[in-house]
Amino acid sequence: MGLALAQARLALPDVPIGAVVLDETGEVIASAYNRREVDGDPTAHAEILALREAGVARGRWHLGGCTLVVTLEPCTMCAGALVLARIDRVVFGAWDPKTGAAGSVRDVTGDGLLNHRVEVRGGVLEEDCGVMIKEFFAEKRAARKAARLAERDGA
């Protein structure tokens, strides 16, 4: 999780989320961080980018035997990608009570109607992961509020 947190710190100005993919031996084969803002790509979540890199590293899309470690519970898109990539397990830091899809709001990773289920372990270094995201959004809210006040006072 420490490596995923290090990736998350590189994400600014994007939401600080980082991810790494480990192979069966625990070796890191891919790492990424959110790049939606930088790339102008709504799918450029850390998990998706790490899965793409892992597929290239392995020379195939099937990532059975691998583990994805990410700082925030995957959203529906990312959880679906984990299932489709046949990832064995996902380990994440902070639970996402708004858009989480690995057990909190939804459980795409464990959906028995799908062709693969992903083992889930959440809450690893939860406080460290959660603080980073909470501080990011608190700063964004404060900046928006300051901009609104400046606009109001200037009008």
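The structure under discussion appears in the preceding block.
Along each chain, residues carry numbers from 1 onward, in the same order as the chain's sequence is written. Under the rules for a predicted model, residues below a pLDDT of 70 receive no local features and side-chain atom pairs below 80 are neither given nor counted, while totals for whole chains, interfaces and linings still include all residues. To obtain the side-chain values, all non-hydrogen atoms of the structure were used and water was disregarded.

Examining the pairing of strand β4 (residues 89-94)
- Counting buried positions along β4 yields five of six residues, so the element is predominantly enclosed.
- Any two strands with at least two DSSP bridges between them are considered paired. In this text, helices come from DSSP runs of H or I with a minimum length of four residues, and strands from runs of E with a minimum of two, each type numbered from the N-terminal end. Two strands pair when backbone bridges link them, and strand β3 (residues 67-72) and β4 are joined in this way by five bridges, in the parallel orientation. When the sheet's bridge partners are listed, Val69 is paired in β4 with Val91.
- Two strands pair when backbone bridges link them, and β4 and strand β5 (residues 119-121) are joined in this way by three bridges, in the parallel orientation. Its bridge partner being in β5, Val91 is matched across the sheet by Arg121. Exposed residues in this analysis have more than 50% of their type's maximum accessible area, buried residues have under 20%, and partly exposed residues fall in between, with area computed by a 1.4 Å probe over protein chains only.

Here we look at the packing of helix α3 (residues 46-58) against helix α4 (residues 76-85)
- Closest axis-to-axis distance for the α3/α4 pair is 9 Å, and the angle between their directions is 20 degrees. Here α4 runs roughly parallel to α3, going by the angle between their axes. In the crossing of α3 with α4, the sense of the turn from one axis to the other is left-handed. In this structure, α3 contributes Glu47, Ile48 and Leu51 to the contact, and α4 contributes Met77, Cys78, Ala81, Leu82 and Ala85.
- Gly is put with the polar residues, along with every residue not named as nonpolar or charged; the nonpolar set is Ala, Val, Leu, Ile, Met, Phe, Trp, Tyr, Cys and Pro, and the charged set is Asp, Glu, Lys and Arg. Among the residues forming the contact of α3 with α4, the class breakdown is seven nonpolar, no polar and one charged. Every axis in this analysis is a line fitted to C-alpha atoms, fitted for helices over the stretch in contact. Angles between the N-to-C directions lie between 0 and 180 degrees. Throughout this description, any angle smaller than 35 degrees is read as roughly parallel, any larger than 145 degrees as roughly antiparallel, any in the 65 to 115 degree range as roughly perpendicular, and the remainder as oblique. In this scheme the crossing of two helices becomes right-handed for a clockwise turn of the near helix relative to the far one and left-handed for an anticlockwise turn of less than a right angle. Every residue pair with non-hydrogen atoms within 4.5 Å of one another is taken to be in contact.

Some thoughts on the side chain of Thr67
- Relative to the helices and strands, Thr67 resides in strand β3.
- Exposure remark for Thr67: the relative accessible area of 8% places this residue in the buried category.
- In protein, a polar contact requires one atom able to donate a hydrogen and another able to accept it; more generally it is a pair of N or O atoms within 3.5 Å, and residues adjacent in sequence count only if both atoms are side-chain atoms. Of note is the side chain of Thr67, whose polar atom sits 2.6 Å from the side chain of Arg89.
- With near-sequence residues (within four places) excluded, Thr67 lies in contact with Val20, Val21, Leu22, Arg89 and Val91.

Some words on the state of the cysteines
- For the purposes of this analysis, a disulfide is any pair of cysteine sulfur atoms at a distance within 2.5 Å. Within the structure shown, the criterion is met by zero disulfides.
- Lacking any disulfide linkage, Cys75 is separated from the closest cysteine sulfur, that of Cys78, by 3.7 Å.
- No disulfide involves Cys129; its nearest neighbouring cysteine sulfur is the one of Cys78, lying 15 Å away.
- For Cys129, a relative accessible area of 1% corresponds to the buried category.

Thoughts on the pattern of salt bridges
- Throughout this description, the term salt bridge denotes a Lys or Arg side-chain nitrogen within 4 Å of a carboxyl oxygen of Asp or Glu. On inspection of all chains with the given rule, the structure shows four salt bridges.
- Between Asp14 and Arg36 there is a salt bridge whose closest N-O contact spans 3.8 Å. Here Asp14 is found in the loop between α1 (2-9) and β1 (18-22), whereas its partner Arg36 is found in helix α2 (residues 36-39), with 22 residues between them in sequence.
- Judged by relative accessible area, which is 1%, Asp14 ranks as buried.

Considerations on the packing of α1 against helix α5 (residues 126-154)
- Where α1 meets α5, the closest approach of the two axes is 11 Å, and the angle between their N-to-C directions is 5 degrees. In terms of their interaxial angle, α1 and α5 are classed as roughly parallel. Between α1 and α5, the residues in contact are Leu5, Ala8 and Arg9 and Asp128, Cys129 and Met132, respectively.
- Partitioned by chemical class, the residues of the contact of α1 with α5 number four nonpolar, no polar and two charged.

Examining the sheet that holds β5
- Pairing is mixed across the open sheet formed by five strands, whose spatial order is β2-β1-β3-β4-β5. Across the chains shown, the open sheet's two edge strands, defined by having one partner strand only, are β2 (28-33) and β5. Ignoring which end each strand starts from, the neighbouring axes of this sheet average 15 degrees apart.
- Against the sheet, α3 engages β1, β2 and β3, with an angle of about 150 degrees to β2.

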